[in-house]
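Residues per chain are reported as follows:
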Amino acid sequence: MDRDPLVARGHRRKKQRSFWKELPILVGVALLLALLIQTFIARVFVIPSESMEQTLHGCAGCYGDRVLVDKLVYNFTEPEPGEVVVFERPSSWNQSEFQANRSSNAFVSWLQDIGAAFGLAAPDEDDVVKRIVAVGGQRVECCDEQNRVLVDGEPLDEPYVFWTPIAARTQESFPPITVPDGQLFVLGDNRNNSCDSRCQGGGGANGMVPVDNVIGKVRFIVLPPSRWRGVGDHDPQVNAVALQAAPLGVGLVAAWPTLWVGRRVRTALKSMRSGETARSSGDEP
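A quick note: this is a predicted structure, and the numbers were derived from the prediction, not measured.

## Focus on the side chain of Asn147
Locating Asn147 in the fold gives a position in the loop between β5 (139–142) and β6 (149–151). Not counting chain neighbours up to four residues away, the residues in contact with Asn147 comprise Trp163, Arg169, Thr170 and Gln171.

Next up, the structure:
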C-alpha cells in the first residue's frame, strides 16, 4: 500500500539533524556552561612565577602548574591565615612579578585572553597568587632570633617556606605593622624570591591586599598530571600555638601515671594504718 505523500514529507521533516549541523550548537552550549562555571564557581589559573615554590611550580617561559581556584568559598567564609589565594593585584602594588606575553595583534591577544580564562595561557599580570599570613587586626613583624615571622608576638610554624639553594636562608626583616580590618598580609612560600606585602607599594599599609580583591582559594593542582595533588591549608598560627603547648601536654601525659601510682600507694598505706589501729584496739582488755 502506498504511503500518503503528506505523511512521508512529515516523516522526512522529523528526521534528526546531521552531526555537523548540531556540532556548533553543542560547542556553543559547552562554552556557555564553561563560562558560567569559570565566572561563578571555579576557575583554572596558570602559575606564572616561582614565588610560591615549591608549593606551586611556575617560571617565565615554562609550563607552570594549572590550579583549580574555588570562587564560592569566600561567599560564606572569610579568608584565613595559611590559605593560598588568587587575588587581583591592588592598585597600591607597583610591581608585577611577571609580564604577560600578549600579541600586538588584537585578535590574537583576544584569543590569548580567552585561553587564560580556561588555564590554557598565561594569566593577566594583575592576577597574583600568595599565602595569607595575617588578617585584619593582627600585628605582624619579622623576625625573631630563630628567623621566624611573628604574628601578635607569637612565632609562626611555616613548613612550606622554600629556600633556593643560591639564596641565604634568612628572611628579609620588616618592622611591626598592624593589618587594617578588611585587609590581608600575604607572603610567597619562596620567601626570598617573592615581592609581596613586604615590598609592594614600598611596604607598610600599601603592601596589604583588600579582602574584596580575593578571587578565590587554590584547591588543587590539575595539570600537569605528574603534579596532581591538593593544596592543603596549614594554619601557621594554630600550629605555632600547638607547638608551644606541646611540652605542657607531654608533661601532663607523663605525670598522669605518677599521680595514679601515688594515689594507689597512699590508699594502700592508709588501709594498712587503719588495720593496725583496729588490731591494737581489739587487743586492749
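## As for the nonpolar core
Counting 13 residues, the largest nonpolar core has Val133, Val140, Val149 and Phe185 as the members making the most contacts within it. Those elements that provide at least two residues to this core are β4 (127–135), β5, β6, β8 (174–178) and β9 (183–187). Apart from residues no more than four positions distant in its own chain, Val133 is found in contact with Pro81, Gln138, Val140, Val149, Val151, Leu156, Glu158, Phe185, Val186, Leu187 and Gln237.

## Side note on the confidence of the model for the protein
Taken over all residues, the pLDDT of the protein has a mean of 78, while the share at 70 or more is 64%. Considering only residues more than four positions removed or in separate chains, one finds that residues 241–248, a stretch of pLDDT under 50, has three contacts.

## What about the UniProt feature "active site" (unreviewed entry) in the protein?
Mapped onto the present numbering, the UniProt feature "active site" (unreviewed entry) falls on Ser51 and Lys130. What stands out for the annotated residues spanning 80 residues is how close their C-alpha atoms remain, the widest pair being 8.0 Å apart. Following the sequence through the fold, Ser51 ends up in the loop between β1 (42–46) and β2 (66–70). A distance of 3.0 Å separates the side chain of Ser51 from the side chain of Lys130, its partner in a polar contact. Secondary-structure assignment places Lys130 in strand β4. For Lys130, a relative accessible area of 0% puts it in the buried group.

Cut-offs applied
- In this numbering scheme, every chain counts its residues from 1 along its sequence in written order.
- Predicted model: local features are reported for residues with pLDDT of at least 70 only, side-chain atom pairs are reported and counted for 80 or more only, and whole-chain, interface and lining totals are derived from all residues.
- Side-chain numbers come from the whole structure's heavy atoms, not from hydrogens or water.
- Secondary structure elements are taken from DSSP: a helix is a run of H or I of four residues or more, a strand is a run of E of two residues or more, and numbering for both begins at the N terminus.
- Any two residues having at least one pair of non-hydrogen atoms within 4.5 Å are treated as being in contact.
- In these notes, a set of buried Ala, Val, Leu, Ile, Met, Phe, Trp, Tyr and Cys residues joined through side-chain atoms within 4.5 Å is what counts as a nonpolar core.
- Think of it in three bands: residues with accessible area under 20% of the maximum for their type are buried, residues over 50% are exposed, and the middle band is partly exposed, with areas taken using a 1.4 Å probe on protein chains only.
- The pLDDT value expresses, per residue, how confident the predictor is, ranging between 0 and 100.
- UniProt positions are given in the numbering used here, feature names are shortened, and annotations may be inferred rather than shown by experiment.
- Any pair of nitrogen or oxygen atoms within 3.5 Å is treated as a polar contact; in protein, a donor-acceptor pairing is required on top of that, and neighbouring residues in sequence qualify only through side-chain atoms on both sides.

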